[in-house]
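What the coordinates show
Residue-level listing of the chains:
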Amino acid sequence: MEFIPDTKNTPEEYKKILFWQNGKTEKSIIEILITKEINTYKKLKEAIIYEKNLPKSTYEKMKIYNNLQIEIDDTDVDNLKPKEMLYISLDGSKFTELNYINQYEILEFIKSGGYGEVLLAKNKITNKKVSIKKIDLNGFSTEELYSISREALYLSSLQHKNIIKIYGSFAYKNYLYNVMEYAEGGELTQLIRSNEELSENRIKDIFKQIYEGVQFIHENEVIHRDLKPNNILFLDKEKTQVVIIDFGISGISNCYIKEVIKAGTFKFLSPEILFRENFDSSPKIDIWALGVILYLMNFKQYPFDGENDKEIYEKIGNEDLEFPYGIKIKKSLINLLKGMFEKNPKRRIDINDKLFDIWFNDNSDNYKVFVKDKKKRKFRAIPDRNNNNVEENEEIPHYYRLTKSTRAKNNNKGKI
Ligand SMILES: Nc1ncnc2c1ncn2[C@@H]1O[C@H](COP(=O)(O)OP(=O)(O)O)[C@@H](O)[C@H]1O
Ligand SMILES: [Mg+2]
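Definitions and cut-offs
Residues numbered from 1 in each chain as written. Chains lettered and ligands numbered in written order. Predicted model: local features only at pLDDT ≥ 70, side-chain atom pairs only at ≥ 80, totals over all residues. Helix = DSSP H or I, 4+ residues; strand = E, 2+ residues; numbered from the N terminus. Buried ≥ 20, exposed ≤ 12 C-beta atoms within 10 Å, placed from the backbone. Contact = placed C-beta atoms within 7 Å. Core = buried A, V, L, I, M, F, W, Y, C linked by C-beta atoms within 7 Å. Pairing = 2+ DSSP bridges. Axes fitted to C-alpha atoms, helices over the stretch in contact; angles between N-to-C directions. Near = placed C-beta within 6 Å. Nonpolar A, V, L, I, M, F, W, Y, C, P; charged D, E, K, R; others polar. Domains from an automatic or database assignment. Parallel < 35°, antiparallel > 145°, perpendicular 65-115°, else oblique. pLDDT = per-residue confidence, 0-100. Expected span 1.5 Å × (residues − 1). Bend = angle between axes of the 7 residues up to and from the residue. Left-handed = near helix turned anticlockwise from the far one by under 90°.

**Brief notes about the overall build of the protein chain**
A count of helical and extended segments in the protein chain gives 14 helices and 15 strands. Relative to its 416 residues, the protein chain shows a buried fraction of 29%. Considering only intrachain contacts with a sequence separation of at least 6, the fraction spanning at least 24 residues in the protein chain is 61%.

**A look at the nonpolar core**
Grouped together as the largest cluster of nonpolar side chains are 57 residues, with contacts concentrated most on Ile164, Ile210, Ala289, Leu290 and Ile293. Counting residues per element, this core draws most heavily on helix α10 (residues 284-299), which supplies eleven residues. When neighbours within four sequence positions are excluded, alanine 289 is seen to be in contact with Leu227, Lys228 and Phe268. Among the nonpolar cores identified, the runner-up in size contains 17 residues, and Ile17, Ile38, Ile48 and Phe95 belong to it.

**Topic: unusual backbone geometry**
Even without being glycine, arginine 225 reaches a positive phi, approximately 75 degrees. On the secondary structure map, arginine 225 appears in the loop between α7 (200-219) and β10 (232-234). For arginine 225, a count of 23 C-beta atoms within 10 Å translates into the label buried.

**Considering the sheet that holds strand β5 (residues 104-112)**
On the basis of which strands lie adjacent, the open sheet formed by five strands has the order β5-β6-β7-β9-β8 and antiparallel pairing. Bordering the open sheet on either side are β5 and β8 (166-172), each of which pairs with just one other strand. Neighbour-to-neighbour, the strand axes of the sheet open up by a mean angle of 25 degrees, direction not taken into account. In the sheet, strand β7 (residues 129-136) pairs with strand β9 (residues 175-181) via seven bridges, with the strands oriented antiparallel. Within β9, the position partnered with isoleucine 135 by the bridge is leucine 176.

**Notes on the site of ligand 1**
In the vicinity of ligand 1 there are 20 residues, among which Gly113, Val118, Ser131, Ala183 and Asp246 approach most closely. Of the residues that constitute the shell around ligand 1, the class distribution is nine nonpolar, six polar and five charged. Here the shell around ligand 1 gathers at least three residues from each of two domains, domain 2 (101-181) and domain 3 (186-411).

**As for helix α1 (residues 41-51)**
Within the sequence span of α1, burial applies to Leu44, Lys45, Ala47, Ile48 and Ile49. Of the residues one or two after α1, asparagine 53 is the one with positive phi, at around 55 degrees.

**Section: the packing of α7 against α10**
Where α7 meets α10, the axes come as close as 11 Å, and the angle between the chain directions of the two elements is 170 degrees. When the interaxial angle is binned, α7 and α10 end up roughly antiparallel. When α7 is examined against α10, the residues Ile203, Ile206, Phe207, Ile210 and Val214 are found in contact with a partner set consisting of Asp286, Leu290, Ile293, Leu294, Met297 and Asn298. In the contact of α7 with α10, the residues fall into nine nonpolar, one polar and one charged.

**Overview of the pairing of β7**
In the sheet, strand β6 (residues 116-123) pairs with β7 via seven bridges, with the strands oriented antiparallel. What sits directly across from leucine 120, in β7, is serine 131. Linking β6 to β7, which pair antiparallel, is a turn of five residues; within it asparagine 127 sits at a positive phi near 65 degrees.

**Let's talk about the confidence of the model for the protein chain**
Residues at a pLDDT of 70 or more form 79% of the protein chain, whose mean pLDDT is 80. Here residues 1-11 scores under 50 on pLDDT; set against residues more than four positions off or in separate chains, the count is ten contacts. A low-confidence stretch, residues 379-416 (pLDDT under 50), is modelled with 46 contacts involving residues beyond four sequence positions or located in other chains.

**Points about the environment of glycine 168**
Structurally, the position occupied by glycine 168 is in strand β8. For glycine 168, a count of 22 C-beta atoms within 10 Å translates into the label buried. Dropping the residues within four chain positions of it, glycine 168 is found in contact with Asn67, Leu68, Tyr100 and Val179.

**Some points on helix α5 (residues 142-157)**
Between its terminal C-alpha atoms α5 stretches 23 Å, which fits the 22 Å expected from 16 residues at 1.5 Å a residue. Its axis deflected by about 25 degrees at arginine 150, α5 carries its strongest bend there. Listing the buried residues of α5 in full gives Ile148, Glu151, Ala152 and Leu155. Tucked into the core, α5 has its buried residues touching β7, β8 and β9.

**Regarding the packing of α10 against helix α12 (residues 331-340)**
Running from N to C, α10 and α12 cross one another at 145 degrees; their axes reach a closest spacing of 8 Å. Here α10 and α12 pass one another in a crossing that is left-handed. Every residue of α12 that contacts α10 at Ile287, Trp288, Leu290, Gly291, Leu294, Tyr295 and Asn298 is listed here: Leu333, Leu337 and Met340. Residues that form the contact of α10 with α12 fall into these classes: eight nonpolar, two polar and no charged.

**A closer look at the pairing of β8**
The pairing of β8 with β9 spans six bridges and is classified as antiparallel. Looking at β9, one finds that serine 169 is bridged to asparagine 178.

**Notes on the environment of aspartate 353**
Position of aspartate 353 among the secondary structure elements: in the loop between α12 and α13 (354-360). The spatial distance from the C-alpha of aspartate 353 to the C-alpha of glycine 339 is 9.2 Å, given a sequence separation of 14 residues.

**Looking at the environment of lysine 328**
By secondary structure assignment, the location of lysine 328 is in strand β12 (residues 328-330). Distance in space between the C-alpha atoms of lysine 328 and aspartate 365 is 9.8 Å, their sequence separation being 37 residues. Those residues in contact with lysine 328, other than ones at most four positions away along the chain, are Tyr367 and Val369.

The following block contains the structure:
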């Protein structure tokens, strides 16, 4: 079982793999250059023993783990990427979470969120900055724990330039740690709140990246469910590269959605979530939220807003989309927003609708200016919770109905 390196290989064919040694906290990194011939677990172990001049007896005991704490196999070895970090135990001890945490030094606290806190840390050896979402697991039900742990699972399967990368996930002493790429440019929220005027091209550039991320998520049959500017980050300080974060409630049951409503983040929620206790979860809820983001970026105000929660609730459910008065708005943008804010999810556009591309590629001067219409009749409707088979109506989503009393009130409105 002697390992003999293939000297005919050119240096480009070598891959540098980093190993973090189990149980050691400082200077425990091992770097190994391996060739493409090393394609099995057995050969990898032999290469380490050869390169590091270790006693041959190490071979039997040695174990190598990936960042998910699982012992690797032949396929993993075959697919190793340059500079990949693996975890090695020379004496056969089990992977320890403490060992994993110890490779990072906590630099500062970034933000506390719904589940715990987000920290900025750096890898002691590579100096690479990462963000660590630390989630306190106390007090959650089994079902909730399951959904919390799913965030890491979703992130590791959704690899896309506009979705945050996850490097590792592990539980230790009642906390779950998700180690992720650090997005140093901050949240989209800050850009929207700043006085900086966003040009049409800048908005398109940012929104297109969010759009492509969501398109990828939907193609993979995942619904994000919590799209909002706090969950859209910039990787770079110049705020050009966009990533979507926070898959904490992706794909989890409707009962959790109620908690989100209570938490007051419903300005991004679609009518079907607000008004129906049991609705079929569909990717269309993300489209509505994307619409709110797009509207906010363009006009720095919410599409459906009000003095209090009840008013906002009603506007989302029952009022037509309005645009700010007296400013030039691209017609293709108006059409796109209208399509995204279709109250009935069945009629709402999906992520592959051509309206997106029409706006992305629209360099024309086709603008519209809205003026205040004093005679505008306002419809108020109440949600129909019991009867889901109300007749389809072009104006009103199928699960809302105008009652006689609301109709009478509306008729009086214009006369005052
Ligand atoms: N990878 C990251 N890089 C930089 N900041 C981050 C990162 N992940 C999260 N944050 C910050 O922490 C906040 C909360 O994280 P998030 O994953 O959205 O958790 P929550 O479920 O609590 O909303 C984000 O809005 C963002 O400001
Ligand atoms: Mg969040």
